[in-house]
Amino acid sequence: MNKLTYTVFTSFMGNTFLSIVKIIAGFVGRSMSLIVDGVHTFADQSLELVTMSNSRYNKNNGLKHFINLFTGTIVLGLGLSFIYLAISRGVVIPRMRLLGISLFTIVFKYVLSTYLMEKGKLYNNSILVNDAKQSNKDVLSSVIVFIALILMTLSDKVEYFKYADMAASIIVSLFVIYTGFVIISRDLTEIFGTKVDNLEYINSIKTFIENNRNVMGIKSMVTHKYGPYYEVRCDIILDNNLTLKFANEVVKYLEYVIRRTYKDVIIIINIA
Ligand SMILES: [Zn+2]
């Protein structure tokens, strides 16, 4: 397992653990919002898988698109169902021991996203850094649940606070619905892709490659935009006299510099 895979794997296991803890604690402790937050973590995991499958498998892999779109639809459906459930369930006062668990999930998620951010910076991986930022934002949903649980403890003093768990469930369900939409739209842009032609800094990447003295020319360069990323595929022509080892070094060097300079560019260079 390489370091990058290890990081992704660790984050994945951490989040799965978190998701299970939230759902079980929510059931036992009678808090709908904690359950929905667990589903939210699960939804974010699915999004992660979809993003990974997009970079790993071919664009024309029908099964991949089927699984991705199916997952997106399930997540969307779960989000909508929980809004319905939260409203139809009415007011139920959760067990207050949940406060400790809820606080634990916040800290755990925060540590996890910090870990992801540090590794992302270390390996200079824009996808990892972006995931860390997203995961950092997702701490918010656990904070909302925590606040709701505190308000619930005060519901014997302030009447309206008894709706806090219901309200938090609805808000977190919206996060889930949003994630479902992102999964579906990521897969659809993967199918249709938005082709980008004349972007100034894409051209500056081209110039940078061309200016390398080992590069004889660029055979083709195709840019697609996927969500926040530009994927640039470039076939370059190298001097025939270069050894294979040196040619690979040149490609590695070019990719390295481009990755460092353009954080939102996923560069793939092939030797034509
Ligand atoms: Zn999320």
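Residues numbered from 1 in each chain as written. Predicted model: local features only at pLDDT ≥ 70, side-chain atom pairs only at ≥ 80, totals over all residues.

1. Thoughts on the overall build of the protein
Across its full length, the protein holds 8 helices and 4 strands. Taken from the N to the C terminus, the helices and strands of the protein come in the order α-α-α-α-α-α-β-α-β-β-α-β. For the protein, the spread of C-alpha atoms along the three principal axes comes to 80 × 30 × 30 Å. Across the 272 residues in the protein, those meeting the buried criterion constitute 30%. For the protein, contacts bridging at least 24 residues in sequence account for 70% of all contacts bridging at least 6. (Helix = DSSP H or I, 4+ residues; strand = E, 2+ residues; numbered from the N terminus. Buried ≥ 20, exposed ≤ 12 C-beta atoms within 10 Å, placed from the backbone. Contact = placed C-beta atoms within 7 Å.)

2. Overview of the packing of helix H1 (residues 3-29) against helix H4 (residues 98-122)
Between H1 and H4, the least distance of the axes is 11 Å, while the angle of their chain directions is 170 degrees. Taken as axis vectors, H1 and H4 run roughly antiparallel relative to one another. Between H1 and H4 lies a crossing whose hand is left-handed. Taking contact as the criterion, the partners of Thr7, Ser11, Gly14, Asn15, Leu18, Val21, Lys22, Ala25 and Gly29 in H1 are, on H4, Leu98, Ile101, Thr105, Phe108, Lys109, Leu112, Leu116 and Lys119. A breakdown of the residues in the contact of H1 with H4 according to their chemical character gives 8 nonpolar, 6 polar and 3 charged. (Axes fitted to C-alpha atoms, helices over the stretch in contact; angles between N-to-C directions. Parallel < 35°, antiparallel > 145°, perpendicular 65-115°, else oblique. Left-handed = near helix turned anticlockwise from the far one by under 90°. Nonpolar A, V, L, I, M, F, W, Y, C, P; charged D, E, K, R; others polar.)

3. Focus: the domain arrangement of the protein
Taken domain by domain, the protein holds domain 1 (3-192) and domain 2 (200-271). The C-alpha-based centres of domain 1 and domain 2 are spaced at 36 Å. (Domains from an automatic or database assignment.)

4. Thoughts on the nonpolar core
Grouped together as the largest cluster of nonpolar side chains are 26 residues, with contacts concentrated most on Val36, Val39, Val145 and Val176. Those elements that provide at least two residues to this core are helix H2 (32-56), helix H3 (62-89), helix H5 (126-153) and helix H6 (164-192). In terms of residues, this core owes the most to one element, H2, which gives 9 residues. Beyond its immediate chain neighbours, meaning those up to four positions away, Val36 contacts Phe82, Ser169, Val172, Ser173 and Val176. (Core = buried A, V, L, I, M, F, W, Y, C linked by C-beta atoms within 7 Å.)

5. Notes on the pairing of strand E3 (residues 229-238)
Here E3 pairs with strand E4 (residues 265-271) via 7 bridges, running parallel. Considered in E4, the bridge of Cys234 is made with Ile269. Between the parallel elements E3 and E4, the chain passes through helix H8 (residues 244-261) in a crossover that is right-handed. (Pairing = 2+ DSSP bridges. Right-handed = clockwise from strand over helix to strand, strands pointing away.)

6. Here we look at unusual backbone geometry
In this structure, Arg30 takes a positive phi of about 65 degrees despite not being glycine. Tracing the backbone through its elements, the reader meets Arg30 in the loop between H1 and H2. A residue is classified by how many C-beta atoms lie within 10 Å of it, and Arg30, with 15 of them, is partly exposed.

7. Examining the packing of H4 against H5
At a closest axis distance of 8 Å, the pairing of H4 and H5 adopts a crossing angle of 170 degrees. Judged on the interaxial angle alone, H5 and H4 are roughly antiparallel. Of the residues in the contact of H4 with H5, the class split is 17 nonpolar, 7 polar and 5 charged.

8. Observations concerning the environment of Glu249
Position of Glu249 among the secondary structure elements: in helix H8. With 241 residues separating them along the chain, Glu249 and Val8 place their C-alpha atoms 27 Å apart.

9. Comments concerning H4
With 25 residues, H4 extends 36 Å between its outermost C-alpha atoms, agreeing within 8% with the 36 Å of an ideal straight helix rising 1.5 Å per residue. Within H4, the full set of buried residues consists of Leu98, Ser102, Thr105, Lys109, Leu112, Ser113, Leu116, Lys119 and Gly120. The positive-phi residue at the C-terminal boundary of H4 is Asn124, with phi of around 55 degrees. (Expected span 1.5 Å × (residues − 1).)

10. Let's talk about the environment of Thr114
Along the polypeptide, Thr114 turns up in helix H4. For Thr114, a count of 13 C-beta atoms within 10 Å puts it in the partly exposed group.

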